[in-house]
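Topology and contacts: notes
Letter by letter, the chains look like this.
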Amino acid sequence: MTTTVRPGTLDDAGPLLAIRRQAFPWQVNTVAGLRHGWELSARNAKGALFAVDDEQGLAGFARADLNIWTSEEGAAGCVVTVRPDVRGQGIGSALLAEAEAHLRAVGGRRVVGYAVDEPDTLRFVQKHGYTLTHEARYQRLLLADLPPAPPIPAGVTISTLTEIGPEAVYAVDTEAMLDEPGDTPWDKVEYDDWFEDIWSDPNVDKDLSLVVSVDGVPATMTYLYTDRESGRFMSTGTGTRRAYRGRGLAKIAKSVAFRAARDAGFTEGYTGNDEVNKPMLAINEWLGYRAIGAERSCVKTL
């Protein structure tokens, strides 16, 4: 069977979201959020989208772009998603070939992707020359089962992103990123790019995402990417500035944010953490998260 790959469009966001919910249900996104990311990728990171259709509609999709948040020259990313019922028919291989060709054309040298930790998917990426590296654990939390909130120490205050503003969030976020486990360092995050990508993302709930300050200095933050229609959120980007680590501030941030989400009508939370990040995994276990899946990052030199 011949697989025809076409350019992806913004209209593919809805059908892709339906496939993503089947393939990796721990990811929370919306049509508006996907389109936001794609538009920025095309404008700022030489990104491109690719798609394959069949008689049922969208059968597979790929996104490829450069990583503009790192000092590593030629760093790139690629994501390929295939509808579960049509895997093994060459759709993923065709999409990956187009994505890699695009990355080579725009200066990509080393591509990082992510694969669901299941035998067929891992064999696929290894067959195409990728080396498996980091493992990330994905977990689900039922908000009805939250543990008692930790006490708030003297001098500690909590603000929503709406209340504290983007500059304070950027300062915490970019410092915490420097120590984030992964295959590429996040060491070149310019404010304007961050503002467009993160602060302006329609999925980031600025009334539920929080910053914890110590004596007036922003120290810890956590993002909640929300889908109000489904009552689900993804907790991500939780980080603490180096001088304030070891004080339990991330536990406070998540506990307070999740209670606010529960009060706002959310029922389920999801998160993902690298297996080497033992402190964050311990916090998530305390909160009541339970593992539901895993992904492996995979790297290839083009």
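Residues numbered from 1 in each chain as written. Predicted model: local features only at pLDDT ≥ 70, side-chain atom pairs only at ≥ 80, totals over all residues. Heavy atoms only, no water.

1. Some thoughts on the overall build of the protein
Of the regular secondary structure elements, the protein holds nine helices and 12 strands. The C-alpha atoms of the protein give a radius of gyration of 19 Å, which matches the 19 Å a tight globule of 302 residues would have. Each principal axis of the C-alpha atoms in the protein carries an extent, and together these give about 65 × 40 × 30 Å. In the protein, which comprises 302 residues, the share counted as buried stands at 52%. The contacts of the protein with a sequence gap of at least 6 include a subset with a gap of at least 24, amounting to 74%. When the accessible surface of the protein is split by element, carbon and sulfur atoms take 51% of a total near 13700 Å². Taking the average location of the 32 positive side-chain charges in the protein and that of its 42 negative ones, the two points are 4 Å from each other. (Helix = DSSP H or I, 4+ residues; strand = E, 2+ residues; numbered from the N terminus. Rg over C-alpha atoms; globule rule 2.2 N^0.38 Å. Buried < 20%, exposed > 50% of the residue type's maximum accessible area, 1.4 Å probe, protein only. Contact = heavy atoms within 4.5 Å. Areas by Shrake-Rupley, 256 points an atom, 1.4 Å probe, with all protein chains shown as cover. Lys, Arg positive; Asp, Glu negative; His and termini not counted. Charge placed at Lys NZ, Arg CZ, Asp CG, Glu CD.)

2. Section: the pairing of strand β11 (residues 268-274)
Of all seven residues making up β11, six are buried, and the element is well covered by its neighbours. Across seven bridges, strand β6 (residues 131-142) lies against β11 in antiparallel orientation. In the sheet register, Arg140 faces β11, and the bridge partner there is Tyr270. In this structure, strand β10 (residues 232-240) lies alongside β11, joined through four bridges in parallel fashion. Each bridged residue has a counterpart across the sheet, and for Arg232 the counterpart in β11 is Glu268. (Pairing = 2+ DSSP bridges.)

3. Looking at the environment of Asn29
Structurally, the position occupied by Asn29 is in the loop between α1 (13-23) and α2 (31-44). What makes Asn29 buried here is its relative accessible area of 17%. In this structure, the C-alpha to C-alpha distance between Asn29 and Asp227, residues 198 residues apart in sequence, is 6.5 Å. Not counting the four nearest positions on each side in its chain, Asn29 is found in contact with Leu17, Arg20, Leu34, Asn203 and Asp227. Of note is the side chain of Asn29, whose polar atom sits 3.5 Å from the backbone nitrogen of Leu34. Here Asn203 takes part through its side chain, which lies 2.5 Å from a polar atom of the side chain of Asn29. (Polar contact = N/O pair within 3.5 Å; in protein donor to acceptor, adjacent residues only side chain to side chain.)

4. Describing the pairing of strand β9 (residues 217-227)
Within β9, 10 of the 11 residues are buried, which leaves it mostly tucked inside the rest of the structure. Of the pairings in the sheet, the one linking strand β8 (residues 210-214) to β9 comprises five bridges and is antiparallel in character. The residue bridging Leu210 from the neighbouring strand is Thr222, located in β9. As consecutive antiparallel partners, β8 and β9 are separated by two residues, and within that stretch Asp215 has a phi angle of approximately 50°, a positive value. Direction of pairing for β9 relative to β10: antiparallel, over a ladder of seven bridges. Bridging from a neighbouring strand, Asp227 pairs with Arg232 of β10. Hairpin connection from β9 to β10: four residues lie between these consecutive antiparallel strands, with Gly231 at a positive phi of about 75°.

5. What about the packing of α1 against α2?
The N-to-C vectors of α1 and α2 enclose an angle of 110°; their axes lie 9 Å apart at closest approach. In terms of axis orientation, α1 runs roughly perpendicular to α2. Crossing angle aside, the handedness with which α1 passes α2 is right-handed. Along the contact surface, α1 presents Ala13, Gly14, Leu16, Leu17 and Arg20, while α2 presents Val31, Leu34, Arg35 and Trp38. Taken together, the residues of the contact of α1 with α2 sort by class into six nonpolar, one polar and two charged. (Axes fitted to C-alpha atoms, helices over the stretch in contact; angles between N-to-C directions. Parallel < 35°, antiparallel > 145°, perpendicular 65-115°, else oblique. Left-handed = near helix turned anticlockwise from the far one by under 90°. Nonpolar A, V, L, I, M, F, W, Y, C, P; charged D, E, K, R; others polar.)

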